[in-house]
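The residues making up each chain are set out below.
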Amino acid sequence: MSTDVQPTDADAPDERAARALAMQASPEFAELRRTIRRFIFPMTVAFLAWYLLYVLLSAYARDFMASKVVGNINVALVFGVLQFVSTFLIAWLYSRYASQRFDPLAEQIKAELDAEAAPAATTTTTTTTPAPTASETKAAKDAETTKPAASGEAAE
Amino acid sequence: MTVDTILAAEASGTSSGARTLTIVLFLVFVAATLGITIWASRQTRTATDFYAGGRSFSGFQNGLAIGGDYMSAASFLGIAGIIALNGYDGFLYSIGFLVAWLVALLLVAEPLRNSGRFTMADVLSFRMRQRPVRTAASLSTIVVSIFYLLAQMVGAGALVALLLGIKAGETFLGMTADTAKIVTIVLVGALMIVYVTVGGMKGTTWVQIVKAALLMTGAALMTLLVLWKFNFNISTMLGEAAEASGKGQAFLEPGLRYGVETAGDATKTLISKLDLISLGLALVLGTAGLPHILIRFYTVPTARAARTSVNWAITLIGIFYLMTLALGFGAAALVGGKAIAAQDAAGNTAAPQLAEELGKEYAGNGGGAVLLAVIAAVAFATILAVVAGLTLASSSSLAHDFYANVIKRGQVDERKEVNVAKISAFVIGAISIVLAIFAQQLNVAFLVALAFAVAASANLPAILLSLFWKRFNTTGATAGIYGGLIAAVGLVFFSPVVSGKGVSPTTGKSLSLFPADVDFHWFPLDNPGLVSIPIGFACAIIGTYLSKESDKDKWAELEVRSLTGSGAV
C-alpha cells in the first residue's frame, strides 16, 4: 500500500464515483439511510435532552436535587446514576437495532457494489455489470447519462 | 538518601519503603511496556502498521485500548480529587465523560471507520480541497492534544511530589520538590516519545490495554476496600464524607464548586451557573471530537468492530466512573479534605492518599506503603498510556495531514512519511514538556475540560456536518475549524482561568495562570463551551453558504462508503 492512495483525488477517473452516485440514488440505499437515521437522530436528541435536563436541574433545581430518597442518598445522586443506566441501555438498544435492521441491508449493498467493482478492477474494456437489481439498473443508467464512467480505476 | 530525608519523609507519612516499592513497580511497568514496544516495532513495517496498528485489533482489544486511552489522570486523579474536596460536583465530570460516548457510538465511530484511513482529517477532507482542510484539522488536532497532554503531565508532577514525600526545603536524591516534579515531567515526556517512535500504534495500543487492565483492577480493589470499610452501606459512606468535609449535606449536593450561589450577587450566581452548563456541554460534545480517540477506530478491520469497541469502552468506562464516586467520597471520609488540600491544593493526590489510608486501615503502616506504591504505579501507567496516545494522534496528523498532503501534496514515500511522524513526536513531546512545567498548579480535570471544549467547538461541527450534510464544503469546514478553535482558545485566554481570579486564601498563590496582579480577563466563564461550540457550528454553516463549491460525486462516494463500508480500507 502506498503512502496515500488518495481515493479522494478530485480528478480521479471515476467508475467508483459513478457507482456511488447510482447507488446513492437507488431506493435500496434510501432505505438503508432511512433505517439508520430513523434510530440515531431521534435517539441523539433524546439522550442529549435527558442529559441537559440533568445539568439544568443541577444548576437551577437545587432543592429538588437535594431531597433525600433513602438515608444520605439524594435525588442528585440517583439522577446521576440514572444517566449511567440510560447510557448503557441506549448503547445496547442501538447495537441490537443496528445488527438486526441495519447490518443486513448494508452488507447486501456492499456486496452489490463490490461485485460491480471486481470486473472493473481486472478488465479495462468491458462494461459487464453482473446481475444488478432492477432498481439499481435504472439508477445506474441515470448516472451513466449524466457522467460517463471512465474505466480502469482499480478498486481498493 | 540522607538520614534527614528519610526522617522527614517518615514524618510526612511516606516511608522510604513506599518510595522504593513505587519506584520498583514503576520500573517494572516501564520495562514491560518497553518490551512490548520493541516487540511491536518488529511487527511494524507499513504506514498502516505505524498509524493504525495494521487494523488488526479485535473489537474487544480496541475497547480496552479506548478505555486505556480515555481514562486519564484527569479521570483517576482529577475527578477523585474534585469529589474529595468539593463533593458531588466532581460527579458531573464522570457523567459528562460517559454520556459523551453515545455521540461517538451513534454518530461518529462507524462512518468514520468506513471513510477514513489514518487521521481525523481523512474524513474531513474526503470531499473537500485537501490542503486547506487538512491544514486546519492538523492545527486543531495538535492544539487539543497539547492541552490534554499538559493535563496528564501536570498530574504526573503532582503525583511524584506526594510519592517522594518531599516538603518545602527538603531534598530527595539532591532534588527539591520542584526539581523532582520537573524531572518527572521530563521523564514522562521522554517515555511517551519512545513508545510512539519505536512502537507506533501497535506498541501504543498494547500499552493502553495493559494500563486499562491495571487501572480497572486498582480502582476496583480500592472501591471494594472503601465499601467494605462502610459495610457496603453507601449511605453511611456519604454521611461520613459529608461530616468530615465540614460542609454537611451540601457536600452531597450540586453547587459547592459549579453553579455556586452567591447570596446578594445575582450576576455572580448567574455566571457560575452558566459556567456549569458550559462545562456540561463541553464534556458531552467533546469526546467525539478528540483526535486521539478517533484514530483508535482505525485500528479495527470493520465498522462493526468499531461499534463493538465502543460498546466495550462504554462498559469499562461506565464501571470505572461509578467507582470514582467511592474513591472521591471515600477519600473525603477517610483522608479528609484538609489533608488532601495540604498535599495538593487542586486535589490531584486524593486517590493515592486514599490508597495509603486504606492500606493502613487494613494492614498497618506497611500495608499503607504497599497500597500507595501500587496505586501510584497504576497512576503512572495511566498517565503514560494516555500521553502516548496523544503524542501519536498529533504526530500522525502532522506527518500524514500536514507534511504528506499539504506540503508534499500526497507525493511522498511511505517510509519518509513515517519518519516525519517520528520526528514530529519528538517535537510535540518537547513542546509539551516545556508547557507542562509552566502549568503545574492547575487541576488536571479542569485542563482536560478545556481540551474537550476545543474538541467540541473546532472538531465536532466539522465531523458531523462532513458526514451528514450534503451541502457542506471546503469553506464551511475550514471556517468551522478555525472559528471554533479561535473562539475556544481565545475565550479561555481572556477568561479568569488565565488572569484575574485573585489569590487563593489558603496558599496565597494566584488562582489564575498569570500572577495575581495581572488581570486582562473580560470573558466571565471558566469553560468556553457554551459560547464557542455554537460559534463553531455557526462558522461551519455560514462558511458553507458563502461558497458555491459542492461536489456531488464525492458526496455520493462518502455517503455510500460511510454507510456500507464499500471501498473502505
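What counts and how
Here the residue numbering is sequential within each chain, running from 1 through the sequence in written order. Naming scheme: in the order in which they are written, chains are lettered from A and ligands are numbered from 1. The model is predicted, so local features are restricted to residues of pLDDT at least 70 and side-chain atom pairs to those at 80 or more, both for listing and for counting; the totals for chains, interfaces and linings are taken over all residues. UniProt positions are given in the numbering used here, feature names are shortened, and annotations may be inferred rather than shown by experiment. Here a helix means four or more residues in a row that DSSP labels H or I, a strand means two or more in a row labelled E, and each is numbered from the N terminus. This radius of gyration counts C-alpha atoms alone. The globule rule is 2.2 Å times how many residues there are, raised to the power 0.38. Three classes are used. A residue is buried when 20 or more other C-beta atoms lie within 10 Å of its own, exposed when 12 or fewer do, and partly exposed in between, with C-beta atoms placed from the backbone. Contacts are defined on C-beta atoms placed from the backbone: any two residues whose C-beta positions lie within 7 Å are in contact. Residues were grouped as follows: Ala, Val, Leu, Ile, Met, Phe, Trp, Tyr, Cys and Pro as nonpolar; Asp, Glu, Lys and Arg as charged; and all remaining residues, including Gly, as polar. The length a helix should cover is 1.5 Å for every residue beyond the first. Every residue carries a pLDDT, the predictor's confidence in it, which falls somewhere between 0 and 100.

You'll find chain B entered in an unreviewed UniProt entry as Cation acetate symporter, with Cryptosporangium japonicum given as the organism. One UniProt comment on chain B, placed under Subcellular location (unreviewed entry), says "Cell membrane". If you open the UniProt record of chain B and go to Sequence similarities (unreviewed entry), you find "Belongs to the sodium:solute symporter (SSF) (TC 2.A.21) family."

Per an unreviewed UniProt entry, chain A is named DUF485 domain-containing protein, and its organism is Cryptosporangium japonicum.

1. Some thoughts on the overall build of chain B
Per the secondary structure count, chain B includes 20 helices and 0 strands. The C-alpha radius of gyration computed for chain B amounts to 23 Å, which stays within 12% of the reference 25 Å derived for 569 residues, consistent with globular compactness. C-alpha atoms of chain B, sized along the principal axes, occupy 70 × 60 × 45 Å. Residues counted as buried form 64% of the 569 residues belonging to chain B.

2. Concerning the overall build of chain A
In terms of regular secondary structure, chain A is built from 5 helices and 2 strands. Each helix and strand of chain A, ordered N terminal to C terminal, gives the series α-α-α-β-β-α-α. Scored against the burial criterion, the 156 residues of chain A give a buried share of 31%. Partitioning the intrachain contacts of chain A with sequence separation of at least 6 by distance along the chain shows that 74% fall at a separation of at least 24.

3. A look at the UniProt feature "transmembrane region" (unreviewed entry) in chain A
All names here are of chain A. As annotated by UniProt and renumbered to match this structure, "transmembrane region" (unreviewed entry) occupies residues 39-61 and 73-94. Split by type, residues 39-61 is 96% helix and 0% strand. Its first and last C-alpha atoms lie 31 Å apart. Helix and strand shares over residues 73-94 are 91% and 9% respectively, and the end C-alpha atoms of the span are 31 Å apart.

4. Comments concerning the interface of chain B and chain A
Chain B puts 58 residues into the contact, and the matching count from chain A is 55 residues. Those elements that provide at least two residues to the side of chain B that touches chain A are helix H3 (47-52), helix H6 (89-115), helix H10 (234-245), helix H11 (266-286), helix H13 (303-334), helix H15 (350-407), helix H16 (414-438) and helix H20 (552-564) of chain B. Ranked by residue count, the leading element in the side of chain B that touches chain A is H6 of chain B, at 10 residues. In the side of chain B that touches chain A, the residues fall into 29 nonpolar, 17 polar and 12 charged.

5. A look at H15 of chain B
Helix length check: H15 of chain B (58 residues) gives 47 Å between terminal C-alpha atoms against 86 Å at 1.5 Å per residue, more than 12% under. Within H15 of chain B, 47 of the 58 residues are buried, leaving the element largely enclosed by the surrounding structure.

6. Structural notes on the confidence of the model for chain A
Residues and elements named next belong to chain A. Predicted confidence across chain A gives a mean pLDDT of 77, with 67% of residues reaching 70 or more. Across chain A, the element-wise mean pLDDT spans from 41 in helix H5 (residues 134-146) up to 97 in helix H2 (residues 27-60). Low pLDDT, under 50, characterises residues 123-156; the predicted model gives this stretch 55 contacts beyond four residues in sequence or across chains.

7. With respect to the confidence of the model for chain B
Residues and elements named next belong to chain B. Predicted confidence across chain B gives a mean pLDDT of 90, with 94% of residues reaching 70 or more. Contacts for the low-pLDDT stretch residues 1-13, under 50 throughout, to residues beyond four places or in other chains number 17 contacts. Scoring of the predicted complex yields 0.89 for pTM and 0.92 for ipTM.

8. Looking at the environment of Val-207 of chain B
All names here are of chain B. Along the chain, the position of Val-207 falls in helix H9 (residues 177-229). Take Val-207: there are 31 C-beta atoms within 10 Å of it, and that puts it in the buried class. Along the chain, Val-207 and Ala-388 lie 181 residues apart, while their C-alpha atoms are 8.6 Å from each other. Ignoring any residue separated from it by four or fewer positions in sequence, one finds Val-207 in contact with Thr-33, Ile-36, Tyr-195, Leu-384, Ala-385 and Ala-388.

9. Focus: the environment of Ile-533 of chain B
Among the structural elements, Ile-533 of chain B can be located in helix H19 (residues 529-546). Each C-alpha atom, one on Ile-533 of chain B and one on Gly-286 of chain B, is 9.6 Å from the other, the two residues being 247 residues apart in sequence.

10. Here we look at unusual backbone geometry
Residues and elements named next belong to chain B. The phi angle at Arg-55 is positive, at roughly 50°, despite the residue not being glycine. Mapped onto the elements of the fold, Arg-55 is located in the loop between H3 and helix H4 (59-70). Unusually for a residue other than glycine, Arg-409 sits at a positive phi of about 50°. Structurally, the position occupied by Arg-409 is in the loop between H15 and H16. Here Arg-409 falls in the exposed class, since 12 other C-beta atoms lie within 10 Å of it.

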